[in-house]
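# Per-entry structural report
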Amino acid sequence: DKATNPLNKDLDWDGINAFCEQLNKELEGPPLATRLLAHKIQSPQEWEAIQALTVLESCMKSCGKRFHDEVGKFRFLNELIKVVSPKYLGSRTPEKVKSKILELMYSWTLGLPHEVKISEAYQMLKKQGIVKCDPKLPDDAPFPPPPPRPKNIIFDDEEKSKTLARLLKSSHPEDLRAANKLIKEMVQEDQKRMEKISKRVNAIEEVNNNVKLLTEMVTNYSKGETTESNEDLMKELYQRCERMRPMLFRLASDTEDNDEALAEILQANDNLTQVINLYKQLV
């Protein structure tokens with residue numbers, strides 16, 4: 001919202017960079033980001049749509065393969081096609097927005113030839129006559145070279161990595177057996193870490209969904225007018241929220257103090273506490 005605010009006088013680069021950073025950090029970053037961007041790109045306000053396309057362009061340049069793969073799916077490409085196609089929103093979309101989309105799609109066909117669906121979507125627009133000729137790209141459009149491969153987090157533990165390197169250089173069979181055992185341990189640790197992240201993401205999502213639904217129902221609650229089945233559903237949601245509190249406390253105590261995930265857990269817990277108090281107060 002900050003990066004695409006129609007009231008921004010100029011492009012908000014702090015907001016745009018913050019969005020790219022958040023996208024890279026989150027496990028579900030790319031699919032969430034493409035959904036949010038598609039919505040903003042289809043805004044009837046030209047400046048909001050242009051800002052959203054600038055965010056998209058920045059993410060494509062700085063967020064790597066996970067994001068490229070998501071943009072290269074028809075699910076997202078179709079949302080862009082809707083904006084330029086006269087069959088959908090094209091007839092009421094400003095020219096500036098349409099030409100920016102076509103410019104981006106063309107630059108991706110050159111910069112990301114392995115994302116074949118992007119190229120297919122662009123060729124289809126040509127066949128339909130929506131693209132009359134390839135747009136002229138600005139000088140800074142080509143993609144920068146891909147960033148260096150991220151280090152495997154498994155081998156971030158410097159002590160273990162040094163030990164492993166030493167063992168692998170050895171010609172003694174027992175050292176190689178020890179190296180094999182160490183690799184297995186490190187892989188198991190990484191699997192546990194990934195399971196922990198997945199468990200946390202799912203738990204926070206479940207909490208947020210329940211909080212949202214219960215908040216809506218409590219806000220619209222009116223004594224004597226709300227149906228019995230809705231009252232039962234509210235009661236069930238309230239009990240579910242109560243049961244989730246210990247789970248969040250366990251997650252928080254399992255999370256390092258300096259881990260950014262802790263802020264998410266505490267925020268989810270605050271939301272949970274608020275809706276539980278709201279239910280007790282109004283219902």
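Residues numbered from 1 in each chain as written. Predicted model: local features only at pLDDT ≥ 70, side-chain atom pairs only at ≥ 80, totals over all residues. Heavy atoms only, no water.

The name an unreviewed UniProt entry gives the protein chain is ADP-ribosylation factor-binding protein GGA1, with Manacus vitellinus as the organism. Taken from UniProt, the Sequence similarities (unreviewed entry) comment for the protein chain reads in full: "Belongs to the GGA protein family." (UniProt positions renumbered as here; feature names shortened; annotations may be inferred.)

The next point concerns the overall build of the protein chain. When its secondary structure is counted, the protein chain shows eleven helices and zero strands. Helices and strands in the protein chain line up, N terminus first, as α-α-α-α-α-α-α-α-α-α-α. For 283 residues, the compact-globule estimate of 2.2 N^0.38 gives 19 Å, and the protein chain exceeds it by more than 25% at 25 Å. Judged by the C-alpha coordinates and their principal axes, the protein chain covers about 80 × 65 × 35 Å. The buried share of the protein chain, reckoned over its 283 residues, is 38%. A separation threshold of at least 6 residues defines the contact pool for the protein chain, and within that pool the share at least 24 residues apart is 65%. Accessible surface computed for the protein chain: about 18,000 Å², of which carbon and sulfur atoms make up 53%. One finds the centroid of the 43 positive side-chain charges in the protein chain at a distance of 4 Å from the centroid of its 46 negative side-chain charges. (Helix = DSSP H or I, 4+ residues; strand = E, 2+ residues; numbered from the N terminus. Rg over C-alpha atoms; globule rule 2.2 N^0.38 Å. Buried < 20%, exposed > 50% of the residue type's maximum accessible area, 1.4 Å probe, protein only. Contact = heavy atoms within 4.5 Å. Areas by Shrake-Rupley, 256 points an atom, 1.4 Å probe, with all protein chains shown as cover. Lys, Arg positive; Asp, Glu negative; His and termini not counted. Charge placed at Lys NZ, Arg CZ, Asp CG, Glu CD.)

Under the local residue numbering, the UniProt record ascribes the feature "domain: VHS" (unreviewed entry) to residues 3–133. The straight-line gap between the two end C-alpha atoms of residues 3–133 is 31 Å; of that span, 69% is helix and 0% is strand.

What follows is about the environment of Thr54. Looking at the element boundaries, Thr54 is found in helix 3 (residues 46–62). In this structure Thr54 touches Leu11, Trp13 and Ile16, once residues within four positions along its chain are discounted. A polar side-chain atom of Thr54 sits 2.9 Å from the main-chain carbonyl oxygen of Ile50. (Polar contact = N/O pair within 3.5 Å; in protein donor to acceptor, adjacent residues only side chain to side chain.)

With that out of the way, let us pick up helix 1 (residues 13–25). Its 13 residues give helix 1 an end-to-end C-alpha distance of 18 Å, which sits within 8% of 18 Å, the value for a rise of 1.5 Å per residue. Looking only at helix 1, the buried set comprises Gly15, Ile16, Cys20 and Leu23. Within helix 1, the buried residues cover an arc of 140° as seen down the axis, which keeps them to one side. Turned more than 90 degrees from where helix 1 packs its buried face, Asp14 and Glu21 sit exposed. Its buried side turned inward, helix 1 meets helix 2 (29–41), helix 3 and helix 4 (64–71). (Expected span 1.5 Å × (residues − 1). Arc of directions from axis to C-beta.)

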